[in-house]
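Below are the chains, spelled out letter by letter.
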Amino acid sequence: RAECGRHRMFLRLFPGLTIVEPGALRPGGGDHYRVFSPYFRAWQGARWRDELAAPKRVRLPDGVDPGRLPDPPKGDSPDAAVGGETVARRRLTAWLPTLDRYGDIHDDVAGDETSRLSPYLRFGCVSPLAVANRAGDRDGPFVRQLCWRDFYHQVVAGFPDLSTVAYRRGAREDWRDDAHAFDAWAEGRTGMPIVDAGMRQLRAEGWMHNRARLITAGYLTKHLGLDWRPGLEVFFRGLLDGDRVNNSGNWQWVAGTGNDTRPYRGFNPVRQAERYDPDGVYVRRWVPELESVAGKAVHQPWRLPDEVRRTLDYPPPLEVPGTDPVWLR
Ligand SMILES: Cc1cc2nc3c(=O)[nH]c(=O)nc-3n(C[C@H](O)[C@H](O)[C@H](O)COP(=O)(O)OP(=O)(O)OC[C@H]3O[C@@H](n4cnc5c(N)ncnc54)[C@H](O)[C@@H]3O)c2cc1C
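As the structure is a computational prediction, the values presented were derived from the model and not from experiment.

### Notes on the packing of aromatic side chains
- Scanning the entire structure with this criterion turns up 18 aromatic pairs.
- On the numbers, 5.6 Å between centres and 90° between planes, the contact of Phe-36 with Phe-151 is edge-to-face. Taken together, the residues Phe-36 in helix 2 (residues 36-45) and Phe-151 in helix 7 (residues 141-158) connect sequence positions 115 residues apart. Comparing Phe-36 with Phe-151, the two get one shared label, buried.

In C-alpha cells:
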C-alpha cells in the first residue's frame, strides 16, 4: 500500500485474511487480546463485514507485463490437496453435513472427519468469512476454531516475533540439546507409537490431525525437553497449511511459552493416545511395524511380552536423562 502510494498508483484493499480484522477488537488497556476466552466473547458480539462477490473481471493497468507463470518447484511435495477456489468450495459443501457432529468427532484422530479446509484458508482459496457464514452458528465448536485462527492473527499483529521469540514474559526456556532425539522425532521413530504415527502422517500427506499435532508438539517440548522453534520449522516445511501465524501460535501454546493460561499443564502421550485413538486404528495405519498388535496395546509396545516384542521391528521409547515418565513405570 505504501509503495503504491509512493508511485501515485491507486490501490483499493479489502479485508479478507480473517473474519474480524486484527486490531478491530481491543481489550481495555491493550492493543490485542492475550487470552482466547475474552477474545472469543468479544468476537462473537462483533459485527462481521458483508461478504463481497468476486469481481466479474480483473483488469491490469496498462503497460504491465505479468510474464509467464513460474513452473511448480521440484521436490517430493505430497499430492494430497488440489488447490483452488472451486475445489475449496466443493470441499466445504461436501463437509457441511458433518457440522452438527463436529463437537463429538473433531478429536477422533482415526476418524479424521474435520473439514481439512486449512490449506485452502491458508492460501486464500476460500474466505474464512464465507466458511463461517455457511457454518452459521457463531456459538458452535467449528466456528470457535475459526476464531482461534483470528485470535492468533491479532496476537501476531501485536507481537510480530511470535515465530521466534517466547510470547510470555519470563517463560522458562531451558531446552535440552539432543540432535539424536530431535531427528528421531522428525522422522517418526521415537518408539512412542502415537507420536511416530503423527509425524509419519505429516511426511506422507503434508497434513496432520489437530490432536496429533498437539501430541507430537507436546512430546517434543514437554517430554523430550527440546526447543519448539526447530519443531515449528519441521511443521512449517511439511504442512500444506503451514502458516507462520497459526503454526507459531499453536507451538507456543503447546510449549507453554505462549497464550495458554496453564503453561505448565501436564502431558502424558499414552493417556492422550488411549483417549483419542482408543482402538489404536490411527497408529496401525501409520506405523505398519505394529500392524500385528491388536487394540490399545499398540500404544505401549514396551509392555508386550518379550517374545512378542522381539518380533516387532520397532524401537524402544527414547530415553530422556534424569526423567522417569509415569507411562513407562
Ligand atoms: C503444533 C500445532 C501447529 C499447527 N500449525 C498450523 C498451521 O501451520 N496452519 C494451520 O492452519 N493450522 C495449524 N494448526 C491448527 C490446527 O491443527 C489446524 O488448523 C487443523 O488441524 C486443520 O485441519 P482442519 O482444516 O480439518 O480443521 P477444522 O477442525 O475443520 O477447523 C476449521 C478451521 O479452523 C482453523 N483452526 C482449527 N484449529 C485451529 C487452531 N488450533 N488454531 C488456529 N486455527 C485453527 C483452521 O483454519 C481450520 O481449517 C496447528 C496446531 C498445532 C497444535
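Once the structure has been displayed, the description carries forward.
### As for the domain arrangement of the protein
- In terms of domains, the protein is made up of domain 1 (1-45 + 81-158) and domain 2 (174-329).
- Taking only C-alpha atoms into account, the centre of domain 1 sits 27 Å from that of domain 2.
- On the side of domain 2, 22 residues touch domain 1, which itself brings 22 residues to the contact.
- Summing both sides of the interface, domain 1 and domain 2 together bury roughly 2000 Å²; the carbon and sulfur share of this comes to 57%.
- By the criterion of area lost to domain 2, the three top residues of domain 1 are Asp-107, Val-109 and Tyr-152, representing 34% of everything that side buries.
- At the junction of domain 1 and domain 2, the tally comes to 2 salt bridges.
- Close ionic contact of Asp-107 with Arg-211 constitutes a salt bridge, the shortest N to O distance being 3.0 Å.
- At the boundary of domain 1 with domain 2, the tally comes to 10 residue pairs in polar contact (both at pLDDT 80 or more).

### Topic: the site of the ligand
- By nearness alone, 27 residues border the ligand, and Tyr-102, Thr-114, Ser-115, Arg-116 and Asn-210 come closest of all.
- Between the ligand and Leu-117, the relevant distance is 3.0 Å, taken from an oxygen atom to a main-chain nitrogen or oxygen of the residue.
- Take Asp-243: an N or O atom from its main chain is 3.1 Å from an oxygen atom of the ligand.
- Isolated, the ligand exposes 820 Å² of accessible area, and the fraction of that covered by the protein chains is 98%.
- Elements with a minimum of two residues in the shell around the ligand: helix 5 (118-122), helix 7, helix 10 (210-223) and helix 12 (244-255).
- For the shell around the ligand, the leading source of residues is helix 7, giving 6 residues.
- Counted by class, the shell around the ligand contains 13 nonpolar, 9 polar and 5 charged residues.

### Regarding the environment of Val-326
- The residue Val-326 is located in the segment after helix 15 (306-309) in this model.
- Owing to a relative accessible area of 47%, Val-326 belongs among the partly exposed residues under this scheme.
- Taking C-alpha positions, Val-326 is 52 Å from Asp-50, a pair spaced 276 residues apart along the chain.

### Overview of the pattern of salt bridges
- With the rule as written, the count across this model stands at 18 salt bridges.
- A salt bridge links Asp-306 to Arg-309; the shortest N-O distance between them is 2.8 Å. Here Asp-306 and its partner Arg-309 are both found in helix 15, 3 residues apart, which amounts to about one turn of the helix.
- One connected set of salt bridges, linked through shared partners, spans Asp-112, Arg-116 and Glu-205.

### Considerations on the side chain of Arg-200
- In this structure, Arg-200 sits in helix 9 (residues 193-205).
- Among the polar contacts listed, one links the side chain of Arg-200 to the side chain of Glu-289, at a separation of 2.9 Å.
- Sequence-distant contacts of Arg-200, defined by excluding residues within four places in its chain, comprise Glu-187, Gly-188, Trp-286, Val-287, Pro-288, Glu-289 and Tyr-314.

The rules behind each value
Each chain has its residues counted from 1, running along the sequence as written. In keeping with the model being predicted, local features are shown solely for residues with a pLDDT of at least 70 and side-chain atom pairs are shown and tallied solely at 80 or more, while totals for entire chains, interfaces and linings include all residues. In computing side-chain properties, one takes all heavy atoms of the structure into account and sets aside hydrogens as well as water. Stacked, tilted and edge-to-face are the three classes applied to pairs of Phe, Tyr and Trp rings, where Trp contributes its six-membered ring and a pair requires centres within 6.5 Å; stacked means planes under 30 degrees apart, edge-to-face means over 60, and tilted covers the rest. In this description a helix means any DSSP run of H or I spanning at least four residues, a strand means any run of E spanning at least two, and both kinds are numbered starting from the N terminus. Relative accessible area decides the class of each residue, using a 1.4 Å probe on protein chains only: under 20% of the type maximum gives buried, over 50% gives exposed, and in between gives partly exposed. Segmentation into domains, and thus their bounds, comes from an automatic or database assignment. We call two residues in contact whenever any of their non-hydrogen atoms come within 4.5 Å of each other. Using a 1.4 Å probe, buried area is obtained as the accessible area two parts lose upon being combined, added over both of them. Any carboxyl oxygen of Asp or Glu within 4 Å of a side-chain nitrogen of Lys or Arg constitutes a salt bridge here. N or O atoms closer than or at 3.5 Å make up a polar contact, with two conditions inside protein: a donor-capable atom paired with an acceptor-capable one, and, for residues adjacent in sequence, both atoms drawn from side chains. Consider each residue's heavy atoms; a residue with any of them within 4 Å of a molecule or strand counts as near. For the accessible areas, the method is Shrake-Rupley and the probe is 1.4 Å, while residue cover comes only from the protein chains on display. Three classes are used, and their members are as follows: Ala, Val, Leu, Ile, Met, Phe, Trp, Tyr, Cys and Pro are nonpolar, Asp, Glu, Lys and Arg are charged, and the others, Gly among them, are polar.

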